[in-house]
Amino acid sequence: MSVSLILLNGTLRLHDNPLLHAASGRKAAVVILNKAAFFGRQYGLVRANLQRLQQQLALINELKAALASQQIGLITLFGNTVDCISQLAVQLQASALYCAEPVAAYECSAIQQLAGRINVVQLDCNSLLGDRLRPDLHDLPHSFTPFRKQREPLLAVSKPTTSLLNAADWLSPAATELCNSVFSERLQQYQPLPQSAPVGESAALARLEYFIWQGQHILHYKDTRNQLLGTDYASFLSAYLAQGSLSVRWLWQQIIAFETQVAANESTYWLKFELLWREFFRWQSRKYANRWFSKGAIKGPLNFSPPNLSLAQQTAFNRWCQANTGVDFVDANMQLLNQTGLMSNRGRQNVASFLIHDLGIDWRLGAAYFEQRLLDYDCASNWGNWAYIAGTGNSSERKFNLQKQAQLYDADGSFVRAMQLTTNS
Ligand SMILES: Cc1cc2nc3c(=O)[nH]c(=O)nc-3n(C[C@H](O)[C@H](O)[C@H](O)COP(=O)(O)OP(=O)(O)OC[C@H]3O[C@@H](n4cnc5c(N)ncnc54)[C@H](O)[C@@H]3O)c2cc1C
């Protein structure tokens, strides 16, 4: 009997994962660590730092263990998607590939190439507007508000898929082990330490439970979401959503359930509002594909030549990366990014505006540095937001007055001081 390959990249979870229930017959679960996305370089910067690589490996380990507990194997591959899947398809005599419908241009192009070699079935597992709600890319509104107004009333988000898996349909852990050797050998040296912070699906569901239900922090989200430091001012769900260890449709349903069973206010609405921003950038990414990496992004002529910096700009860029610009508010935020792999939304807007509009540096370099560092890196949200602030994306340019922003959001200077203390300790 021929096998269907179920590629779980971007959907590293068991809950609400339509891919796990998609094919009939014999199935093999697969995940690929994309070599270029983690070890490649753009504009001289490595695309993922060690922390981000270790996080990805930990996620894969977690999924593997979760599947193994149900007697299901996970084939783990390292390389480029087209080669990995093509070789595996020959090895297992697979006739079909099931995968999440991609968003980033390089992923879309890989899946397109594979479609010429194997029967590819794509399911949109990670958008709110999946299935019958999907917008037509030609008519996609250019800015967020019309997009939201057009789609929001339609948002009857589909119910999560919860049915049990039948181990007999899947290649077992023993049967898949043979395919994994290269992955284990090549990546052994980067494996995360056993005591690393929890990642993956169980951590995602626990955070959701805490933020919405136990702590009810969702009730003050709109008032606190612009804070710069802390654990409960915002949801901190972005990394889980970006990696697909949390289903956005599941999250949406949980917010609605909370609104129905406990309370609904402006804050509970606002979390959905922000999820629509994520949604907006996903569809914009699909629409404009590679253009997001052009200097003028979705405006102006295509120009993929790398950023060209004067010596002074190169020094300024290095200082920005090292949290050493001399502007305390910028440095504190960059320090936070460098130490934790995360930064508040307010902080991201400010450091981006500073790099682009005050230092006059090509926005793509900032986006590339964020890509390297952010533990919630998401191609559409990152490049879309950077272009937005630069004025090359879905908005005219956004220039922030750093002094005013610091006064508004760090009036007593406690954020800057807290970050300075961590630098000096
Ligand atoms: C320059 C810049 C780069 C960014 N890069 C990324 C990135 O790589 N990955 C990423 O997930 N977000 C990115 N964002 C958006 C936003 O800053 C983060 O999603 C948010 O700070 C994550 O924290 P949270 O989960 O606590 O968010 P919350 O405030 O709790 O929001 C809930 C969810 O809504 C979504 N969301 C919120 N704001 C935005 C936004 N502006 N754009 C898109 N989605 C949003 C996220 O999925 C987030 O998890 C970027 C923003 C800027 C200005």
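The chain carries the name Cryptochrome DASH in an unreviewed UniProt entry, which gives Rheinheimera maricola as its organism. The UniProt entry for the chain carries the following comment under Sequence similarities (unreviewed entry): "Belongs to the DNA photolyase class-1 family." If you open the UniProt record of the chain and go to Function (unreviewed entry), you find "May have a photoreceptor function."

J.: For this particular structure, what's the right way to read the environment of P306?
T.: Following the sequence through the fold, P306 ends up in the loop between α12 (266-288) and α13 (311-321). Look at P306 and you get exposed, because its relative accessible area is 53%. In the structure, P306 is positioned 213 residues away from Q93 in sequence and 42 Å away in space, judged by C-alpha atoms.

J.: Would you explain the pairing of strand β6 (residues 94-100) in this entry?
T.: Each regular strand shows side chains that alternate between the opposite faces of the sheet. Most of β6 sits inside the fold, with six of its seven residues counted as buried. Taken together, the five bridges between strand β1 (residues 3-7) and β6 define a ladder with parallel strand orientation. Directly across from L7, in β6, lies its bridge partner C99. Here five bridges tie β6 to strand β7 (residues 119-123), and the two strands are oriented parallel to one another. The residue bridging L97 from the neighbouring strand is V120, located in β7. Each parallel crossover has a hand, and the one from β6 via helix α4 (residues 105-115) to β7 is right-handed.

J.: Can you help me understand the site of the ligand in this one?
T.: Taken together, the neighbourhood of the ligand is formed by 26 residues, with Y221, S235, F236, N345 and D376 sitting nearest. R348 places a side-chain nitrogen or oxygen 3.5 Å from an oxygen atom of the ligand. Note that a nitrogen atom of the ligand is positioned 2.8 Å from one of the backbone N or O atoms of D376. Looking at the shell around the ligand, the elements that each hand over two or more residues are α10 (238-243), α12, α15 (345-358) and α17 (379-390). For the shell around the ligand, the leading source of residues is α12, giving six residues. Taken together, the residues of the shell around the ligand sort by class into 14 nonpolar, seven polar and five charged. Three or more residues apiece are contributed to the shell around the ligand by two domains, here domain 2 (201-290) and domain 3 (294-299 + 306-417).

J.: Explain the nonpolar core here, please?
T.: Within the largest apolar cluster, 46 residues are counted, with the highest numbers of intra-cluster contacts made by F317, W320, M334 and W386. Those elements that provide at least two residues to this core are α13, α14 (328-340), α15, α16 (363-373), α17 and α19 (414-424). Ignoring anything within four residues of it in the chain, the contact list for M334 reads W320, C321, A323, M343, V351 and Y369. Of all hydrophobic cores here, the second largest spans 37 residues; its members include I212, I218, Y233 and F258.

J.: I keep staring at the domain arrangement of the chain and nothing clicks. Help me out?
T.: By a widely used convention, the size of an interface equals the accessible area lost when the partners come together. Each domain of the chain was delimited in the assignment, giving domain 1 (1-125), domain 2 (201-290) and domain 3 (294-299 + 306-417). Measuring from the centre of the C-alpha atoms in domain 1 to the corresponding centre in domain 2 gives 25 Å. Taken residue by residue, the interface counts 17 residues in domain 1 and 17 residues in domain 2. Across the domain 1 to domain 2 interface the summed buried area is about 1,500 Å²; carbon plus sulfur atoms make up 42%. Three residues stand out in domain 1 for area buried against domain 2, namely H15, V103 and D124, and they jointly supply 37% of the buried area on that side. A salt bridge links R286 to E101, with the shortest nitrogen-to-oxygen separation between them at 3.8 Å. The biggest single contributor to the side of domain 1 that touches domain 2 is helix α2 (residues 50-68), with three residues. Grouping the constituent residues of the side of domain 1 that touches domain 2 by class yields eight nonpolar, four polar and five charged.

J.: Help me understand the state of the cysteines, please; the structure alone is not making it clear to me.
T.: Formally, a disulfide is one covalent bond, and it connects the sulfur atom of one cysteine to the sulfur atom of another. Throughout the structure, instances matching the rule amount to zero disulfides. The cysteine C108 is free of any disulfide, with C379 supplying the nearest cysteine sulfur at 9.2 Å. Given the relative accessible area of 26%, C108 is considered partly exposed. Take C125: it sits in no disulfide, and the sulfur closest to it among the cysteines is that of C99, at 8.5 Å. Residue classification places C125 among the buried positions, given a relative accessible area of 1%.

J.: Mind showing me how you'd approach the sheet that holds β1 here?
T.: Backbone-to-backbone hydrogen bonds pair the strands of a sheet. The strands run either parallel or antiparallel. An order of β5-β2-β1-β6-β7 is seen for the five strands of this open sheet, with the pairing classed as parallel. Since the sheet does not close on itself, it has two edges, and those belong to β5 (74-79) and β7, each with one partner. On average, adjacent strands in this sheet sit at an angle of 30° to one another, irrespective of strand direction.

Scoring rules and cut-offs
Residues numbered from 1 in each chain as written. Predicted model: local features only at pLDDT ≥ 70, side-chain atom pairs only at ≥ 80, totals over all residues. Heavy atoms only, no water. UniProt positions renumbered as here; feature names shortened; annotations may be inferred. Helix = DSSP H or I, 4+ residues; strand = E, 2+ residues; numbered from the N terminus. Buried < 20%, exposed > 50% of the residue type's maximum accessible area, 1.4 Å probe, protein only. Pairing = 2+ DSSP bridges. Right-handed = clockwise from strand over helix to strand, strands pointing away. Near = heavy atom within 4 Å. Polar contact = N/O pair within 3.5 Å; in protein donor to acceptor, adjacent residues only side chain to side chain. Nonpolar A, V, L, I, M, F, W, Y, C, P; charged D, E, K, R; others polar. Domains from an automatic or database assignment. Core = buried A, V, L, I, M, F, W, Y, C linked by side-chain atoms within 4.5 Å. Contact = heavy atoms within 4.5 Å. Buried area = accessible area lost by both parts, 1.4 Å probe. Salt bridge = Lys/Arg side-chain N within 4 Å of Asp/Glu carboxyl O. Disulfide = S-S within 2.5 Å. Axes fitted to C-alpha atoms, helices over the stretch in contact; angles between N-to-C directions.

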